[in-house]
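Tertiary structure, described
Residues per chain are reported as follows:
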Amino acid sequence: MPNILLTGGAGYIGSHTAVALLARGHTVTLLDNFANAEREVPDRLAQLTGAEILVVEADIRDVETVATALADQNIDAVIHFAALKAVGESEADPLLYYEMNIVGTIRLFEAMQKAGTKNLVFSSSATVYGQPDASPILENAPTRVQNIYGRTKLVMEDLGADLVRTGFLKGVVNLRYFNPVGAHSSAMIGETPSGVPNNLMPYITQVATGERPYLQVFGNDYDTPDGTGVRDYIHVMDLAEAHALALEYILQTPGALTVNLGTGTGISVLDMIHAFERATGRTIPFKISPRRPGDVASYYANPSLAERLFNWKAKLTVDDMCRDSWRWQARRAGINDV
Ligand code: NAD
Ligand code: UDP
């Protein structure tokens, strides 16, 4: 089975993907600078999977260290998660985002070239679609980046495709994630937002623990069935499984491709609050607040390409997403009756 290196492998999506890869018999090396990951993650992964987890503590811009790790571990493919991901921060400090995400990716490509590693799965984002003309969104929809973070994702997608076209890489899959939520059902790994969460699910779970008094629902006058924003939330374990399948596909089928990862179903903010209450038995107080600047009314994926190419389909429900997000957050907050 292939040897896979995960940049940013100790982070939220990387750690769950490591579980999915190990379950399919791959050998996994995590490369992370732990800028946004807990030090305990590799041990928890080892405990969870019973597998040996190789860890390289390094920045992706350190070409020598990354190239050595790729060569020493005989790596067949890289899954590239390592990046900065806060939209607001990207607008406040564009050069930091160009440096970490774009220059970082170029350095990774240099290391791959040195080591002769020719396959890549790349974490992109549905944010590249910006304001879509309509949902469900197909991969050939126009890209309308609205912020520096989105720009870095689109540039990285293009760089990877260029390197395939020119023969430096064999295979690249750009995965455009819609809204990842949830955690592994063991509650041993999950998402750890620092400070006040921007995203809906971490905010809801912190209201449920009592860390925050209520949720602000940003707008109830959108042109959506109940007036609140509609998104395509996808369980992180479904996302993780898709990475494993995408990787296996690209190792067999050279080329560059871009694939949406979502469920194909739009869920409103009020739907999510009610699902959370149903799945966890907790009450989520909320107040209707003004729209959040820059928010889109509705977007969700057409995920049919992922199904066709990878034979992948999201399986976990909104209730699973709520239950697993809650288990993770409750455990962190020391609440045991979940
Ligand atoms: P995360 O912050 O939990 O994981 C990123 C990991 O990369 C962290 O462990 C961090 O320590 C590491 N890292 C950051 N910069 C690094 C560097 N220069 N060198 C080495 N390691 C570095 O984020 P995540 O939510 O797991 O996101 C993973 C990827 O998916 C990112 O590229 C992100 O842009 C993309 N993405 C995330 C979402 C989401 O909602 N979480 C949505 C769309 C796309
Ligand atoms: N949202 C909300 N309150 C919050 C956070 C988010 O009402 O505290 C809404 C937001 O306006 C959007 C949806 O929840 O309609 C998803 O927001 P999130 O930030 O999680 O994802 P994104 O908007 O980046 O897709």
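Coordinates for the structure precede this section.
The structure reproduced in this document is the subject of the present report.

Remarks on the packing of helix α1 (residues 12-23) against helix α8 (residues 236-252)
Where α1 meets α8, the closest approach of the two axes is 8 Å, and the angle between their N-to-C directions is 60°. When the interaxial angle is binned, α1 and α8 end up oblique. For the pair α1 and α8, the crossing hand works out as right-handed. Mapping the contact onto sequence places Tyr12, Ile13, His16, Thr17, Val19, Ala20 and Leu21 in α1 and Val236, Met237, Leu239, Ala240, Glu241, His243, Ala244 and Leu247 in α8. Within the contact of α1 with α8, the residues separate by chemical class into eleven nonpolar, three polar and one charged.

What to know about the site of ligand 2
Around ligand 2, 16 residues are found, and the nearest of them are Leu200, Gln216, Arg231, Arg292 and Asp295. In the model, an oxygen atom of ligand 2 is placed 2.9 Å from a nitrogen or oxygen of the Leu200 main chain. A distance of 2.7 Å separates a nitrogen atom of ligand 2 from a polar backbone atom of Gln216. When isolated, ligand 2 has an accessible area of 510 Å², and the protein chains bury 90% of it. Elements represented by at least two residues in the shell around ligand 2 include exactly α7 (200-208) and β8 (215-218). With four residues, the single largest contributor to the shell around ligand 2 is β8.

Quick notes on the nonpolar core
By size, the foremost hydrophobic cluster in this structure holds 43 residues, and its most contacted members are Leu6, Leu175 and Phe310. Looking at this core element by element, the count peaks at ten residues for α8. Once residues within four sequence positions are removed from consideration, Leu6 is found in contact with Gly14, Thr17, Ala18, Leu21, Val28, Thr29, Leu30, Leu31, Ile79 and Phe81. The next biggest cluster of nonpolar side chains, apart from the first, holds 24 residues, and it includes Leu200, Val269, Ile273 and Trp326.

A word on the site of ligand 1
As a structural note, the neighbourhood of ligand 1 is formed by 26 residues, with Asp32, Asn36, Phe81, Lys85 and Tyr149 the closest of them. Within the side chain of Asp59, a nitrogen or oxygen atom sits 3.3 Å from a nitrogen atom of ligand 1. Between Tyr149 and ligand 1, the recorded distance is 2.6 Å, taken from a side-chain N or O atom to an oxygen atom. Here ligand 1, which alone exposes 820 Å², has 94% of that area covered by the protein. Secondary-structure elements contributing two or more residues to the shell around ligand 1 are α1, β5 (119-125) and α6 (148-165).

Calculation rules
Residues numbered from 1 in each chain as written. Chains lettered and ligands numbered in written order. Predicted model: local features only at pLDDT ≥ 70, side-chain atom pairs only at ≥ 80, totals over all residues. Heavy atoms only, no water. Axes fitted to C-alpha atoms, helices over the stretch in contact; angles between N-to-C directions. Helix = DSSP H or I, 4+ residues; strand = E, 2+ residues; numbered from the N terminus. Parallel < 35°, antiparallel > 145°, perpendicular 65-115°, else oblique. Left-handed = near helix turned anticlockwise from the far one by under 90°. Contact = heavy atoms within 4.5 Å. Nonpolar A, V, L, I, M, F, W, Y, C, P; charged D, E, K, R; others polar. Near = heavy atom within 4 Å. Polar contact = N/O pair within 3.5 Å; in protein donor to acceptor, adjacent residues only side chain to side chain. Areas by Shrake-Rupley, 256 points an atom, 1.4 Å probe, with all protein chains shown as cover. Core = buried A, V, L, I, M, F, W, Y, C linked by side-chain atoms within 4.5 Å. Buried < 20%, exposed > 50% of the residue type's maximum accessible area, 1.4 Å probe, protein only.

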